[in-house]
Amino acid sequence: MTALADLRTPAPPGWYDPDGVSTGQDWHYRVPVTLPATSTVNSTAKIDVNFSTLMTQLGISGTFDVNSVRVVRPNGALATTQEYTDRVFGDSTDAAGNDRGEIKWIVQDGGAQTYYVYFDIIQNGAKTANPQAPINANFERSTTGQEDPTGWAGTAQPNYDAEVRPNENVNVVDNTTVNTNGNANTGDFSYLIGSRTNADGNGTDRAVLTRTFTVPVTNPGNVTVRWKAQGWDSSANGSNRWDFLRIEVVGGTTTEIVGPTAGNYATRPFSPNFGTGGQNGTNSGYGPYNGWDLTTAGTHTAGMTVTSGSEPWWEFSQSLASFAGQTVTIRFSSNHASSFRSWFMVDDLEWSVVDGTLGTPEAFGVVTTSPADASVFAPGQALSISAQVDAAPTASTNPVTANVYDQTGTLVASNIILYNDGTHGDATAGDAIWTNDNSVPAQPTYTIPLGTVTSTGWIVRIFAKDASNSTIGAQNGLAHRNGLPVPEIEANYWNIDEILFDVTRANVSVTKISQVLNDPISGGINPKAIPGATVQYCILISNSAGPIATSLSATDTIPGNVTYVAGSMRSGANCGTAATPEDDNAIGADEGDPYGASASGSAVSISAASLAAPDSFAVTFQVTVD
């Protein structure tokens, strides 16, 4: 029978451990993320995770460690490019420090795969910051004023803006004076390019921002750009006059997805005003702050619906099918002519996105290695207990313990301490193998009582405890899947394991036979048990089935009308082959060869350390009839 061990099937779980078992930092919780079959190498996997919810599901209480988030590939290695963004959730700006955020990583294992997101609480040891390269598509991994954001390249001509900016409101004076909204599309940072700080001048590519990535060979998906146009200047479809933003995908060919050549100002505005002339009663154009395609009479000339002065973020997705398998560059460039200021903000670049699906959170694994599943023990045997623990248990006292339950489910031994310090059968200290082999009397395991009947369904249950507190009444340090029934049932826990074993009594039988060897009248021919006759007794002990019988002993009382013949005892496998001499005392080497025998007064005693099935052993001795 197999125990209900959630983390044992089909094999002991491999737990992420970058610096070796019981060394350095150990992660205690994880949640699987399943990617769809459409995910291919170089896709961007994306998922929102509420770690507070996961902790509630596991029934653990502690302080979420924002640095602990790691994305681990199906092969157990860290995803090379990954990031957790605390300030973005559900594609919107989210509050900081509320234990939830957006996770993205570049897929390295294509197809339907299961990645794991590992996390922890600071009570289990604070983790260092994620060492992997971030995607940084939303500039949250950059600092204010950074011209070359992490993962990007930025350049600017003198007096032009090209830098990461925080959420801010800025007073800008040009044709009018405005207090502009400089907030990011999501999160705390975006990228500013163009002419906001200083008056602009003539020239193309006055500010440039680029990002390079590899498009998946299959299912290339789309690239999604988000931008905001601001200022007083303008341009028009098909025209390179005045001020505009150009966004291009540059690979084997170049595709302009935002800009005058793209030719769709109404849905992809590339300038804060539309037209090549000044705004008037019949034409839209330069002059107002964010006038879009409106005339001074309030009429839209290009089919837009936004109001004058509004500061929306825009979004557009471009298919990457024509760039499949290529390494491409997304290029944002700001182009200007001297008149009025205009500038652009860029944020939240995404490409080839596939959405992951969260599974059920798990706590760190513990796997029972001894007893083995379905082991058989005999009454009188002591259990040797060991377990492999995948992360360092961090409870302050007795972090790994075991309980034993009999065939009725009754707890018969509790809080058996397991050790990872090179004692109690633990061969190597700190090797994550926790043991207790019953070798130290002060810290015993459990010995099956001698009178125990043959029975099945005995349980060894092992608990590995972290430093969390339970929110639902379980022992501290044990993760209990919330919403499931009765605590302390293994199937409800994740950092707990159990194994089933059986108890089988040895089928031991004792047979005593006698044979008259000779008498004073007939000699050895058809002798009779008359005075002076010699009689031989044989005591045969057999184990016909079941486990090895241990510590066997038997005592036979010699009848009162006979006298023991000194030095007559012999031992062997059966009555017919008992030929090994056994002296009459109970000491000496002959007591363990492998059977012991002795005579004292009217009592004969025999013993054996063990007897396997279906073996037997015999002791013979002789008496004289009085």
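Residues numbered from 1 in each chain as written. Predicted model: local features only at pLDDT ≥ 70, side-chain atom pairs only at ≥ 80, totals over all residues. Heavy atoms only, no water.

Novice: Any chance you could explain the pattern of salt bridges here in plain terms?
Specialist: Across all of its chains, the model carries 20 salt bridges by this definition. The salt bridge involving Asp-94 is made with Arg-100; its shortest N-O contact spans 2.8 Å. A salt bridge links Arg-196 to Glu-168; the nearest nitrogen and oxygen atoms lie 3.0 Å apart. Residue Arg-196 is located in the loop between strand 14 (189-194) and strand 15 (203-214), and its partner Glu-168 is located in the loop between strand 11 (161-166) and strand 12 (169-173); the two are separated by 28 residues in the primary sequence. Judged on exposure class, the residue Arg-196 and its partner Glu-168 are both buried. Here the salt bridges do not stand alone but share partners, grouping Lys-46, Asp-91, Glu-102, Lys-104, Arg-226, Glu-315 and Glu-350 into one network. (Salt bridge = Lys/Arg side-chain N within 4 Å of Asp/Glu carboxyl O. Helix = DSSP H or I, 4+ residues; strand = E, 2+ residues; numbered from the N terminus. Buried < 20%, exposed > 50% of the residue type's maximum accessible area, 1.4 Å probe, protein only.)

Novice: Would you take a moment to explain the layout of surface pockets for this structure?
Specialist: Taking a probe equal in size to a water molecule and rolling it over the atoms shows the remaining empty space. If you add up the space inside the largest pocket, you get close to 330 Å³. Along its surface, the largest pocket is lined by Ala-378, Pro-379, Gly-380, Leu-450, Arg-505, Ala-506, Val-508, Ile-548, Ala-549, Thr-550, Ser-551 and Leu-552. Ranked by residue count, the leading element in the lining of the largest pocket is strand 38 (residues 549-557), at 4 residues. A class-by-class count of the residues in the lining of the largest pocket yields 8 nonpolar, 3 polar and 1 charged. Taken as a whole, the second largest pocket holds about 280 Å³ of empty space. For the second largest pocket, the lining is made up of 17 residues, of which Val-66, Asn-67, Tyr-84, Asn-130 and Arg-141 are closest to its centre. For the lining of the second largest pocket, the element with the most residues is strand 5 (residues 82-85), which contributes 4 residues. When the residues that make up the lining of the second largest pocket are grouped by side-chain class, the tally is 5 nonpolar, 5 polar and 7 charged. (1 Å grid on protein atoms, 1.4 Å probe; cavity = no way out; pocket = protein on both sides within 12 Å on 5 of 7 lines; lining within 4 Å. Points joined across faces, edges and corners; volume = space filled by probe spheres on them. Nonpolar A, V, L, I, M, F, W, Y, C, P; charged D, E, K, R; others polar.)

Novice: Looking at this structure, how should I read the sheet that holds strand 30 (residues 400-405)?
Specialist: Backbone hydrogen bonds are what pair the strands of a sheet, in a parallel or an antiparallel way. Across the sheet, 5 strands lie side by side as 28-35-33-30-31; this open sheet has mixed pairing. Two strands in the sheet have a free side with no partner beyond their single neighbour: strand 28 (375-377) and strand 31 (411-417). For this sheet, the mean angle separating the axes of adjacent strands, direction not counted, is 25°. Of the pairings in the sheet, the one linking strand 30 to strand 33 (residues 455-464) comprises 6 bridges and is antiparallel in character. Bridged to Thr-401 within strand 33 is Phe-463. (Pairing = 2+ DSSP bridges. Axes fitted to C-alpha atoms, helices over the stretch in contact; angles between N-to-C directions.)

Novice: Can you help me understand the sheet that holds strand 32 (residues 433-436) in this one?
Specialist: Strand order in the open sheet formed by 3 strands is 27-29-32, and the pairing between neighbours is antiparallel. Single-partner strands in this sheet number two, and they are strand 27 (366-370) and strand 32. For this sheet, the mean angle separating the axes of adjacent strands, direction not counted, is 25°. Two strands pair when backbone bridges link them, and strand 29 (residues 385-389) and strand 32 are joined in this way by 4 bridges, in the antiparallel orientation. Bridged to Ile-385 within strand 32 is Asn-436.

Novice: Explanation requested: the pairing of strand 12 in the structure shown.
Specialist: A regular strand carries its side chains on alternate faces of the sheet. Bridge count between strand 12 and strand 13 (residues 177-181): 5 bridges; the pairing is antiparallel. Bridge pairing links Asn-171 to Asn-179 in strand 13.

Novice: What exactly am I supposed to notice about the state of the cysteines here?
Specialist: Joining two cysteines, a disulfide is a covalent bond between their sulfur atoms. Summed over the entire model, instances satisfying the criterion amount to 1 disulfide. The partner cysteine of Cys-538 in its disulfide is Cys-575, sulfur to sulfur 1.9 Å. The S-S bond linking Cys-538 to Cys-575 shows a torsion near -85°; that makes this disulfide left-handed. Of this pair, Cys-538 sits in strand 37 (residues 534-543) while Cys-575 sits in the loop between strand 40 (570-572) and strand 41 (580-581); the two residues are 37 residues apart in sequence, bridging distant segments of the chain. (Disulfide = S-S within 2.5 Å.)

Novice: Would you mind showing me how to read the pairing of strand 31 here?
Specialist: Bridge analysis of strand 30 against strand 31 gives 4 bridges, and the strand direction is antiparallel. Bridge assignment links Tyr-405 to a residue of strand 31, and that residue is Leu-411. Hairpin connection from strand 30 to strand 31: 5 residues lie between these consecutive antiparallel strands, with Gly-409 at a positive phi of about 85°.

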